[in-house]
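# A look at the structure
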Amino acid sequence: IYNSLHPVSERSLQRLLETFQNIFKSKKFVIFNIESGRLHVLNVRQRETVFAEEVTRYLQTLEIRAVCFHDEINLTDLSTLVERLVKREKTEVSPNFVPAYLKNKNISTIEINSELAHRLFEKNTKYRGDIDRDFTVRQVAFEQLGGDLLRLSELYDGNDKVLNEASIDFNNDIIQYLIPE
């Protein structure tokens, strides 16, 4: 993985940000988690590839188990994180190293090992990316909503805070559109 100033890295980060922006049309966060040495993105276990293994290795080296990207993220914030991940300087690695680095750079759009990232991962269904299934927004949102009518009515009358408390990471507009179905 190149540093964030390399031309190949810049183009890759721009494409990644564009992908994130497409996801943010329906979700509030993009979350990466490491579980049992495997990378999960949006609760979907990624296929074993050189890229996924490399990302996993970088995250594990810095004791990062979860990364939560907020919908306000920009290219500068993303580049700053990647720059920190690939830096090869000797530093004392601790669980607070990267979060402190991001805080020092005034970046609030990326959370490392946050309660939110862990809760959304643990409370929602985990999928395997190597198995064919329906990963549409509609299907995954319905799985997060469940079928309890009382819960659905609370969510329908709720706001982002209610959705957050219910560990639902879809945008409220999407939920309001789907619940009547």
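Scope of this entry: the structure provided in the associated data block. Starting from 1, residues in each chain are numbered consecutively following that chain's sequence as written. Local features in this predicted model are restricted to residues whose pLDDT is 70 or higher, and side-chain atom pairs enter the listing and the counts only when it is 80 or higher, whereas totals over whole chains, interfaces and linings include all residues. Where side-chain values are given, they derive from all heavy atoms of the structure, hydrogens and water being excluded.

## Some words on the nonpolar core
Short version of the rule: Here, the term nonpolar core denotes a set of buried Ala, Val, Leu, Ile, Met, Phe, Trp, Tyr and Cys residues that are joined through side-chain atoms within 4.5 Å. Accessibility here uses a 1.4 Å probe with only protein chains present; expressed as a share of the type maximum, an area under 20% marks a residue as buried, one over 50% as exposed, and anything in between as partly exposed. Helix numbers and strand numbers start at the N terminus; a helix is a DSSP run of H or I with at least 4 residues, a strand a run of E with at least 2.
Val67, Phe69, Leu81 and Ile110 are the most contacted members of the largest nonpolar core, which totals 31 residues. Counting residues per element, the ones that place at least two in this core are α1 (7-23), β1 (29-35), β2 (38-41), α2 (50-61), β4 (66-70), α3 (75-86), α4 (97-104) and β5 (110-112). Top contributing element to this core by residue count: α3, with 5 residues.

## A short note on the side chain of Asp169
Test applied: Nitrogen and oxygen atoms within 3.5 Å of one another constitute a polar contact, given that in protein one can donate a hydrogen and the other can accept it, and given that sequence-neighbouring residues count only through two side-chain atoms.
Structurally, Asp169 can be placed in the loop between α8 (160-165) and α9 (172-178). For Asp169, a relative accessible area of 6% translates into the label buried. Reaching out from Asp169, the side chain makes a polar contact with the side chain of Lys27 at a distance of 2.7 Å. A polar contact of 2.8 Å, which involves the side chain of Asp169, links it to the side chain of Gln144.

## A look at unusual backbone geometry
The backbone phi angle of Leu42 is positive, close to 55°, even though this residue is not glycine. Residue Leu42 is classed as partly exposed on the basis of its relative accessible area, which comes to 24%. In this structure, Ser167 is a non-glycine residue whose phi angle is positive, near 60°. Examined against the element boundaries, Ser167 turns out to sit in the loop between α8 and α9.

## Concerning the pairing of β1
On any regular strand, side chains alternate: one points to one face of the sheet, the next to the other face. Counted only if it meets this: DSSP calls a pair of strands paired once it identifies at least 2 bridges connecting them.
The buried fraction of β1 is high, at 6 of 7 residues. Note that β1 and β4 share 5 bridges and pair antiparallel. Looking at the pairing, Phe32 lines up with Val67 of β4. Sheet topology places β1 next to β2; 4 bridges connect them, and they run antiparallel. Residue pairing across strands places Glu35 opposite Arg38, the latter belonging to β2. Between β1 and β2, which pair antiparallel and follow one another directly, the connecting turn spans 2 residues, one of which, Ser36, has a positive phi of 50°.

## What to know about the packing of α3 against α4
To describe two helices that pack against each other, one gives the angle between their axes and the distance between the axes. Heads up, the condition is: The axes are straight lines fitted to the C-alpha atoms, using for helices just the contacting stretch, and the angles between their N-to-C directions are given from 0 to 180°. Relative orientations are named as follows: roughly parallel for angles under 35 degrees, roughly antiparallel for angles over 145 degrees, roughly perpendicular for angles from 65 to 115 degrees, and oblique for any other angle. Less than a right angle of anticlockwise turn of the near helix away from the far helix marks a crossing as left-handed, whereas a clockwise turn marks it as right-handed. Pairs of residues are marked as contacts when any of their non-hydrogen atoms sit within 4.5 Å.
Closest axis-to-axis distance for the α3/α4 pair is 11 Å, and the angle between their directions is 140°. The orientation of α3 relative to α4 falls into the category oblique. Like other packed secondary-structure pairs, α3 and α4 cross with a definite hand, here right-handed. Every residue of α4 that contacts α3 at Thr80, Leu81 and Arg84 is listed here: Phe97, Val98, Tyr101 and Leu102.

## Describing the pattern of salt bridges
Just so we agree on the cut-off: Just to be clear on terms, a salt bridge is a Lys or Arg side-chain nitrogen sitting within 4 Å of an Asp or Glu carboxyl oxygen.
Under the counting rule described, the total for this entry stands at 6 salt bridges. The salt bridge partner of Asp160 is Lys28, with a shortest N-O separation of 3.9 Å. Within this pair, whereas Asp160 is found in helix α8, its partner Lys28 is found in the loop between α1 and β1, the two being separated by 132 residues in sequence. Look at Lys28 and you get buried, because its relative accessible area is 11%. Ionic pairing is found between Glu165 and Lys161, a salt bridge with its closest N-O pair at 3.5 Å. Taken together, the residues span about one helical turn, with Glu165 and Lys161 both in helix α8 at a distance of 4 residues.

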